[in-house]
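Listed here are the chains, written in short residue letters.
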Amino acid sequence: MSAVSDRLPAFPWDKLEPFKATAAAHPDGIVDLSVGTPVDPVPELVQKALVAAADSPGYPTVWGTPELRDALVGWCERRLGARDFTHRNVLPVVGSKELVAWLPTQLGLGPGDRVAYPRLAYPTYEVGARLARAEHVAYDDPTDLDPAGLKLLWLNSPSNPTGRVLSRQELTRIVAWAREHGVLVLADECYIELGWEADPVSVLDPEVCGGSYEGIVAVHSLSKRSNLAGYRAAFLAGDPAVLGDLLQIRKHGGMMTSAPTQAATVAALSDDTHVREQRERYAARRRSLRDALVRHGFRIEHSEASLYLWATRDEPCWDTVAHLADLGILVAPGDFYGPAGDRFVRVALTATDERVRAAVTRLTAP
């Protein structure tokens, strides 16, 4: 029997190491705009909640505390417009990447089943299909897919890597199509708080789902909105039948969010002020980087939301990566997200103000 790792593609980020070394050799140091990991402080109220819950000697529950479920339900209703939500409509998970990678397996998918995701997409959607030995297919418009054998349809709005936002009309049409064909929709909405030139809409919006959550589940994360990537705090919201099955499976697997993290999540979702403040930081960095890239000869496409600029100089993406590495700036090549990105790079907004200023200076130098 072949090893599980044999089912997977090569880990793409390893290919960036030589370019990282080049960028790090810059006299003023590297400006790393590649991975997109938060660099700003964890909000103080979240840190205090974590510390207050530090004395947690017992096992946490997979479903989370009632206080956590209350916070998840309340946030979905307040922020996403969900109606008539109950605890059965939410499920905490140990970071969204874990969920994406293992969801097809937990849903019981396997050979002969198909998992679909956008043509330009987060690579872990494909990884999840491969781990389950299911087939995987990329799409431009999911309603053009053959629904035969299609069991799981990933949506991603705002998109990683492009920042594209699906309109309410597009989401409504796709959800209706998926329901007609019995396809489960998983909407990755982890960047929904970060709309710049568009206002992202959730599949849980009543106008999209018609007030029913049948066949739809949204994925949300606190990593970017609250700088909690190190906490592994995320959750699912939507169809109670799907979440109920996943809860039972995850109980057997011991997939528990730590008790201090659960308390921190309650604090983070109960406060909107720190989210606004973080948005303002990213908005300022986005303006500076976007202007500098355009002045340097880049064209920015989509990028109306999320934490990235989808940029091109109309050349192979690795040539662009090399060019920027010579300036001490590290970015992600577009082909990490599919062959359709082979002439783009993804530029993350997740660097300190000082490092963003350094990148702008290098990009705009005569």
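Our subject is the structure listed above.
As the structure is a prediction and not an experimental result, all values here were calculated from the model.

Next up on the list: the overall build of the protein. Assigned secondary structure in the protein consists of 12 helices and 13 strands. On C-alpha atoms alone, the protein measures out to a radius of gyration of 20 Å, which is about the 21 Å that the 2.2 N^0.38 rule sets for 366 residues. Long-range contacts, defined here as pairs at least 24 residues apart, represent 75% of the contacts in the protein between residues at least 6 apart. Working note: accessible area of the protein is about 15,400 Å², and carbon and sulfur atoms make up 53% of it. Charge centroids of the protein, computed over 39 positive and 47 negative side chains, lie 2 Å from each other.

This part covers the pattern of salt bridges. Scanning the entire structure with this criterion turns up 22 salt bridges. Across the pair Asp40 and Arg285 runs a salt bridge, and its minimum N-O distance is 2.8 Å. Highlighted residues: Asp40 in the loop between strand S1 (31-32) and helix H2 (44-52) and Arg285 in helix H10 (residues 273-295), separated in sequence by 245 residues. In this structure Arg285 comes out as buried when scored by relative accessible area, which is 3%.

With that out of the way, let us pick up the pairing of strand S4 (residues 135-139). In this sheet, S4 lies alongside strand S3 (residues 114-118) in parallel orientation, the contact comprising 5 bridges. Across the sheet, Tyr117 pairs through a bridge with Ala138, a residue of S4. Once you follow S3 into helix H5 (residues 124-131) and on to S4, the crossover reads as right-handed.

Right, let's talk about H5 for a bit. Burial analysis of H5 places 6 of its 8 residues in the buried class, which makes it a mostly covered element. Of the residues making up H5, those classed as buried are Thr124, Tyr125, Val127, Gly128, Ala129 and Leu131. The secondary structure elements touched by the buried residues of H5 are helix H4 (96-106), S3, S4, strand S5 (150-156) and strand S6 (184-188). Once H5 finishes, Arg133 follows within two positions and takes phi at roughly 65°, a positive value.

So, on to the sheet that holds S4. The mixed open sheet is built from 7 strands, whose spatial order is S2-S8-S7-S6-S5-S3-S4. Two strands close off the open sheet at either side, each with one partner strand: strand S2 (90-93) and S4. Neighbour-to-neighbour, the strand axes of the sheet open up by a mean angle of 20°, direction not taken into account. Summarising the sheet, strand S7 (residues 216-221) and strand S8 (residues 234-238) pair through 5 bridges and their orientation is antiparallel. Counted as the bridge partner of His220 is Phe235 from S8. Across the face of the sheet, helix H3 (residues 66-80) comes into contact with S2, S7 and S8 while running at roughly 110° to S2. Running at roughly 160° to S5, H4 makes contact with S2, S3, S5, S6, S7 and S8 of the sheet.

This part takes up the packing of helix H1 (residues 17-24) against helix H11 (residues 317-326). Between H1 and H11, the shortest axis-to-axis distance is 7 Å and the interhelical angle comes to 25°. By the angle class used here, H1 and H11 are roughly parallel. Taking contact as the criterion, the partners of Phe19, Thr22 and Ala23 in H1 are, on H11, Trp318, Val321, Ala322, Ala325 and Asp326. Here the contact of H1 with H11 is composed, by residue class, of 6 nonpolar, 1 polar and 1 charged.

How each quantity is defined
Residues numbered from 1 in each chain as written. Predicted model: local features only at pLDDT ≥ 70, side-chain atom pairs only at ≥ 80, totals over all residues. Heavy atoms only, no water. Helix = DSSP H or I, 4+ residues; strand = E, 2+ residues; numbered from the N terminus. Rg over C-alpha atoms; globule rule 2.2 N^0.38 Å. Contact = heavy atoms within 4.5 Å. Areas by Shrake-Rupley, 256 points an atom, 1.4 Å probe, with all protein chains shown as cover. Lys, Arg positive; Asp, Glu negative; His and termini not counted. Charge placed at Lys NZ, Arg CZ, Asp CG, Glu CD. Salt bridge = Lys/Arg side-chain N within 4 Å of Asp/Glu carboxyl O. Buried < 20%, exposed > 50% of the residue type's maximum accessible area, 1.4 Å probe, protein only. Pairing = 2+ DSSP bridges. Right-handed = clockwise from strand over helix to strand, strands pointing away. Axes fitted to C-alpha atoms, helices over the stretch in contact; angles between N-to-C directions. Parallel < 35°, antiparallel > 145°, perpendicular 65-115°, else oblique. Nonpolar A, V, L, I, M, F, W, Y, C, P; charged D, E, K, R; others polar.

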